[in-house]
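Here is how the chains run, residue by residue.
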Amino acid sequence: MSAPDGEDDFLYELQIEVEAEVTLVESSHPDEVAELPVSEWLFDPADAEREEIGLRGLLDAVEALEDGSRPGDHVA
């Protein structure tokens, strides 16, 4: 069963948005920021790392939906 065109478009656009957010988080270089004194941080590097993990999980979920996997589908 394939997804309606509207759902395919939505998933494609969502994937593009999430990929852009991942790129943005990666470009903030939280590992380098963590080496600075806390008073110089513009953001908490741990928050950036958590955000990246969450975005990658979302990206994996979008890709699974695009591949046709649905929650509850089990391969025997």
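Look above for the structure.
Residues numbered from 1 in each chain as written. Predicted model: local features only at pLDDT ≥ 70, side-chain atom pairs only at ≥ 80, totals over all residues. Heavy atoms only, no water.

Break down unusual backbone geometry for me, with residues and values.
Despite not being glycine, His29 shows a phi value in the positive range, around 50°. Looking at the secondary structure, you find His29 in the loop between helix H1 (5-27) and helix H2 (30-33). (Helix = DSSP H or I, 4+ residues; strand = E, 2+ residues; numbered from the N terminus.)

So what about the side chain of Gln15? Which residues, and what values?
Along the chain, Gln15 falls in helix H1. Gln15 has contacts with Leu59, Val62, Glu63 and Glu66, leaving out every residue within four places of it along the chain. (Contact = heavy atoms within 4.5 Å.)

Summarise the environment of Arg56; cite the residues concerned and give the values.
In this structure, Arg56 sits in helix H3 (residues 45-66). Along the backbone, Arg56 and Val18 are 38 residues apart, and their C-alpha atoms lie at a distance of 8.1 Å. Excluding anything up to four places from it in sequence, Arg56 contacts Val22 and Glu26.

Mind laying out the pattern of salt bridges, listing which residues take part and the relevant values?
A side chain with one charge may pair with a side chain of the opposite charge, provided their charged atoms come close. Throughout the structure, instances matching the rule amount to three salt bridges. Of the charged contacts in the structure, one is a salt bridge between Glu26 and Arg56, with a shortest N-O distance of 2.2 Å. With Glu26 in helix H1 and Arg56 in helix H3, this pair connects stretches of sequence that are 30 residues apart. Asp47 is paired through a salt bridge with Arg50; the nearest N and O atoms lie 2.3 Å apart. (Salt bridge = Lys/Arg side-chain N within 4 Å of Asp/Glu carboxyl O.)

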